[in-house]
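# Architecture and fold: a report
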Amino acid sequence: MREFLGTLAAIAVAAIVIVASYAATWATATVPVFTGQDAAPTRDISLTGGQLVPLGTALGWLALAGAAGLLATRTWGRRVVGTVVVLAGGGAGVSALAFGLTGPAVIDSALASQGLPAPDSVTRSPWWIVAIIAGLVVLVGGALSVLRGPSWPGLSRRYERRPTSIAGPVGGVAAWDALDRGEDPTDPPPPTG
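Okay, so let's go over this structure. All of these numbers come straight from a predicted model, not from anything done at the bench. (Residues numbered from 1 in each chain as written. Predicted model: local features only at pLDDT ≥ 70, side-chain atom pairs only at ≥ 80, totals over all residues. Heavy atoms only, no water.)

### A closer look at the nonpolar core
Note the following rule: Working definition of a nonpolar core: buried Ala, Val, Leu, Ile, Met, Phe, Trp, Tyr and Cys residues. They are joined through side-chain atoms within 4.5 Å. The rule is simple: take the accessible area with a 1.4 Å probe, protein chains only, and divide by the maximum for that residue type; under 20% is buried, over 50% is exposed, in between is partly exposed. Working definition: helices are DSSP H or I runs of at least four residues, strands are E runs of at least two. Numbering for both runs from the N terminus.
Counting residues in hydrophobic clusters, the biggest one holds 35 residues, and the most contacted among them are Tyr22, Trp26, Leu47, Leu52, Phe99, Ile107 and Leu111. At the level of elements, helix H1 (2–23), strand E1 (25–32), strand E2 (42–48), helix H3 (54–72), helix H4 (75–113) and helix H5 (127–148) are the ones that each hand at least two residues to this core. Residue contributions to this core peak at 10 residues, all from H4.

The following block contains the structure:
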């Protein structure tokens, strides 16, 4: 049970960190206000991880939904949801890593899509590294769910549908169980034969 709850908590927290890191500023670019002039005034443009790598935020939300899915499923369902969590965490981490490796080109492309010229200078924040680490945590949690998830406990069976027939006299705890099922414990049993 401890492993199950620990894995769920790790996936959920790391997914929230992914979403938060992609919402943070990853780069600040200093661009000229007017193009084609020497010593033109400049302005700073902040670019979030979501603007630079739009898929990352969606994968963070998918990982968070996967944590809820792991809680609600059992056996083979946990393997399927765990696989989705692995893909979400891996995708979020790889997207951030791709930004780390090709940052200048991604930043130039994001500025160009906003109709802005190439920057004079760029400073990058470490939020993309946080996204890589959180993506790795989600990936490991998802892999653990695929491998060990079927043996973890499921939601209580208390609220699942039970057989509706009551045989014999009803009294004590059996009467309360009948009420839980939506039956009237004072009704006579159905005729047999």
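Right, picking up where we left off after that structure.
### A short note on H1
The cut-off we apply is this: A helix's residues, less one, multiplied by 1.5 Å, set its expected span. Note on contacts: a residue pair is in contact if any heavy atoms of the two residues lie within 4.5 Å.
Between its first and last C-alpha, H1 extends 31 Å over 22 residues, near the 32 Å set by a 1.5 Å rise per residue. Those residues of H1 that are buried are in contact with E1, E2, helix H2 (49–52), H3, H4 and H5.

### Things to note about the packing of H1 against H4
For clarity, the threshold we go by: In this analysis an axis means a line fitted to C-alpha atoms, helices contributing only their contacting stretch, and an angle means the value between N-to-C directions, from 0 to 180 degrees. Should the near helix be turned anticlockwise from the far one by less than a right angle, the crossing is termed left-handed; should it be turned clockwise, right-handed. Under the convention adopted here, Pro, Cys and the residues Ala, Val, Leu, Ile, Met, Phe, Trp and Tyr are nonpolar, Asp, Glu, Lys and Arg are charged, and Gly plus all remaining residues are polar.
Contact geometry of H1 with H4 gives a least axis separation of 12 Å together with a crossing angle of 35°. Here H1 runs over H4; the crossing is left-handed. When H1 is examined against H4, the residues Phe4, Ile11, Ile18 and Tyr22 are found in contact with a partner set consisting of Arg78, Val85, Ala92, Ser95 and Ala96. Among the residues making up the contact of H1 with H4, the classes are represented as 7 nonpolar, 1 polar and 1 charged.

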